[in-house]
Every structure is written in C-alpha cells, then in structure tokens.
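Single-letter residue listing:
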Amino acid sequence: MNSILMQPWHRAVIKVGSGLIAPGGERISTKFILPIASFITECRNQGKEIVLVSSGAVAAGLSTQPQMQKRTHRSIPEKQALAAIGQSLLMANWNRFFDFPCSQILLTYDDIHDRRRFVNAKNTIQKLIDLGTLPIVNENDTVAVEELKVGDNDNLAAYVAMLAEADILIICTDIDGLFDSDPKRNKNAKLIPVVEKIDNTIYSLAEGSKNPIATGGMKTKIEAAHKAVVRGIDTIILNSTKREVFDHLLDGKLIGTIFKKNSNPMTAKKHWMLHALTTTGKIVIDLGAAKAVQYKGASLLSSGVLACEGDFKKGEPVEVYVKEGKTLNVIAKGVTQYNSNDLKKILGKKSSEISSILGYTNTKEVIHRDELVLVTDI
Ligand code: GLU
C-alpha cells in the first residue's frame, strides 16, 4: 500500500476505540493494544509527547458482569455502573504495558465548555506531561448525564488535542482510513489518502457505526478531524490492527488518511468559542451589520441589532443570526457586553445613544471583534 510522507510532529493525542480494546465486545484483550503500546513507548523514546484517549470502560465493566452481556439494552445507571467498574480495569490494563506512570483524566462536556475548567484541565495535562506520565483520558461516563456528554471519544479526542495543544491527532481504528465508498460492501472502494478540506462531500462518505460496542463511526471521526484541523492540528486515521502501519509512522510515513490542518488556524480562544462554548441566547442582526462582521472584521454594534431572544447576562455567549428575508442564518458566536433586557432597549440605536438610554455603557460594541468568531471560519 502506498504511504504518504508526514510532517515531523512532537506532541500527539492518540485515540483508541472500544473495538480495539475489547474486540467483539468481550473482555479487554491485549491483541490490538500491544502494538499501540509499543508505538507509544517508541514515540516517547524518540522524545515525542503522547496523550492517550482510551475508550473501553463500559466494555471492560461488561466483561465482569456476564449476566448483562446477553442484553443489548442497558439502562443509564447500568451503563454508568459498568463504566465505573471498567475504568479501573482499563487503567490497570494500560499500566501493564509501560514502565513509566500513567495518569487518569476523566472529563465531561462541562469541563470543556466552561472556560475556567477548560484552562484548568489544560494546565493539568501540561503538568502531567512535564512529570513524564502518560495522561490517559476518557469521558467521565459514571457521572455525566446524557446532555452533558461529549458522547463519543472521537470528538472527545479532538477536544483533548485542543487542550493538550497537540500537533497531531491520531485516531486508531480497525479500518485502513477513509474510503470513497463502504469497503465492507464494495470491494472496489478506494482509500482516500489525503483530505485537504472537510466539506459536505467528505461527510457524505461517512456511515454510522456498525460495531455494537463502539460509539462512533466514520462520521464522528470526520467531526473530530474537522474540529482539529481548524485549530491547526493534522488528523490521521489509521488501521492499528496492522503492526506495519506503526512501523511506517515511526519512519514518518502514513498508511491511512490524513486530514490536513488549515494553513490559517484559528486562535485557541476563538476555536474554543466556536466548538466548545454553549450559547445562552440569540442576537439577530441586519444584513449590513452581518456583512461588516463577516467581511470587514468589524465588531457588532447596537445599530445593526434587530432582535434578541433568550435570557442572557453580560459576558455570556450568544449566537448571532442574520435575517435574510424571512430566514435566519447563524453566522457567528460571541460574548455579549449587554444583558438581554438592556439589549432590547438599545436595538437599532447608535453606540453614542447607549449611555442616555441605559444610564451606563459597558463598551461601545455589543460584541467586540476579539470575542466573536464566525461559523464560516471553519
Ligand atoms: N467512554 C466510553 C467508554 O469508555 C466510550 C465512548 C466511545 O467509544 O466513543 O466505554
């Protein structure tokens, strides 16, 4: 199989899915972990830094509960209990392969979209790397309720790549990469070695997960790659069930698919705003203001605001919509300087009128440019 020459990299986030840890949905197996563990050790010997995102807690927990194995439907408390049982087994399993310490980090979506917790997690990961440990991350399935979950470890790994400021995200799976059609159904399917830009055509190649034990499929892998590349992080998908794939990678050659990082990546803060920040309200603006924001790098002023929805406070994130005829299209996310009650009073007014209407001014902008990120930036 042809290989692609890789750019040198220093820090990687490696994502390993449940299908590789507990193949066939049974107990934890060393079969596919061994080559990954050797790869991690070899990378570290070469002076590279690695953060691992490992799935498999639920699968490992299940291996201790034979009575639950036959059922495909499990309640949320059951799955959470399985994750609690399995997480320690998962860590013990990884620890067996290394003569350096592993460290465990369990995250929920809350830790990513809350800026303070995000920065905290980032500092901790940095410290754990400095201390020479191998940070191993998983979603905190035991406590995360459904709506506070990232939900799949592909997307989680992309967030971790942001947190760890990695140069590369390596998604280990049991297929060779992204194909132009489903290789399980079409024997003429061709591997796509390089994806320069992730667009709808690329998404349309994705199929949902077929593996009963794995959460994501190709779709979540593309979503993860999308998050990473806009932040300037190359993302690769490779078949880690083939040892030679790692040998090649250690020689700087990829057999798999690379999603190329954007040449003009977003700043860390803007990237976090776009991908991780949950908004609390909506601001609707007119076409003129939208153009100024989209094409001239302008801040959003009250004169261009038509309406606002939701109950938000100063400093909270909101989505910005443009009204085109009868339709509303989302164009940006940003941090508002005025709460929803006050914003309603200054809709369409000039910045110079704000202080006489409200009796105070926070800033002359409703959303400052530095606190605004366009959705078209991706
Ligand atoms: N966090 C889940 C687990 O450890 C896996 C999620 C996923 O595979 O995407 O079982």
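Preceding this section is the structure that the text describes.
Just so you know, these numbers come straight off a predicted model, no measurement behind them.

Parameters and conventions
Residues numbered from 1 in each chain as written. Predicted model: local features only at pLDDT ≥ 70, side-chain atom pairs only at ≥ 80, totals over all residues. Heavy atoms only, no water. Helix = DSSP H or I, 4+ residues; strand = E, 2+ residues; numbered from the N terminus. Buried < 20%, exposed > 50% of the residue type's maximum accessible area, 1.4 Å probe, protein only. Contact = heavy atoms within 4.5 Å. Near = heavy atom within 4 Å. Polar contact = N/O pair within 3.5 Å; in protein donor to acceptor, adjacent residues only side chain to side chain. Areas by Shrake-Rupley, 256 points an atom, 1.4 Å probe, with all protein chains shown as cover. Nonpolar A, V, L, I, M, F, W, Y, C, P; charged D, E, K, R; others polar. Pairing = 2+ DSSP bridges. Expected span 1.5 Å × (residues − 1). Axes fitted to C-alpha atoms, helices over the stretch in contact; angles between N-to-C directions.

Trainee: Sorry if this is basic, but what is going on with the environment of Val305 here?
Mentor: On the secondary structure map, Val305 appears in strand E12 (residues 305-309). The buried category is assigned to Val305, whose relative accessible area is 3%. For the pair Val305 and Asp286, spaced 19 residues apart in sequence, the C-alpha to C-alpha distance is 6.4 Å. Excluding anything up to four places from it in sequence, Val305 contacts Ile283, Val284, Ile285, Leu300, Leu347, Gly348 and Val366.

Trainee: Which parts of the structure should I look at to understand the site of the ligand?
Mentor: If you check the shell around the ligand, you find 10 residues, and the closest are Ala57, Val58, Asn138, Asp141 and Asn153. The separation between an oxygen atom of the ligand and a polar main-chain atom of Gly56 is 3.1 Å. Within the backbone of Asn153, an N or O atom sits 2.7 Å from an oxygen atom of the ligand. With the chains in place, 94% of the 300 Å² that the ligand exposes on its own is no longer accessible. Looking at the shell around the ligand residue by residue, the class counts come to two nonpolar, six polar and two charged.

Trainee: Explain the pairing of strand E13 (residues 317-324) to me, please; I cannot follow it from the model alone.
Mentor: Side chains on a regular strand alternate between the two faces of the sheet. Bridging between strand E11 (residues 281-285) and E13 involves five bridges; their strand directions are parallel. Residue pairing in the sheet places Gly281 in a bridge with Val318 of E13. The pairing of E13 with strand E14 (residues 327-335) spans eight bridges and is classified as antiparallel. Among the inter-strand pairings, Val318 is bridged to a residue of E14, identified as Gly334.

Trainee: So what exactly am I meant to see when it comes to helix H5 (residues 76-96) here?
Mentor: Residues spaced three or four apart along an α-helix point in a common direction, a consequence of the helix completing one turn every 3.6 residues. Compared with the 30 Å implied by 1.5 Å per residue over 21 residues, the 30 Å span of H5 between its first and last C-alpha is a close match. For H5, every residue scored as buried is listed here: Gln80, Leu82, Ala83, Gly86, Gln87, Leu90, Met91, Asn93 and Trp94.

Trainee: Just to check I follow, could you spell out the sheet that holds strand E15 (residues 372-374) for this structure?
Mentor: The pairing of strands in a sheet comes from backbone hydrogen bonds and takes either a parallel or an antiparallel form. Ordered in space as E12-E11-E13-E14-E15, the five strands form an open sheet in which the pairing is mixed. The open sheet is flanked by E12 and E15, the only strands paired with a single partner. This sheet shows a mean twist of 30° between the axes of neighbouring strands, independent of strand direction. Sheet strands touched by helix H12 (residues 268-276): E14 and E15. Its angle to E15, the strand with the most contacts, is close to 70°.

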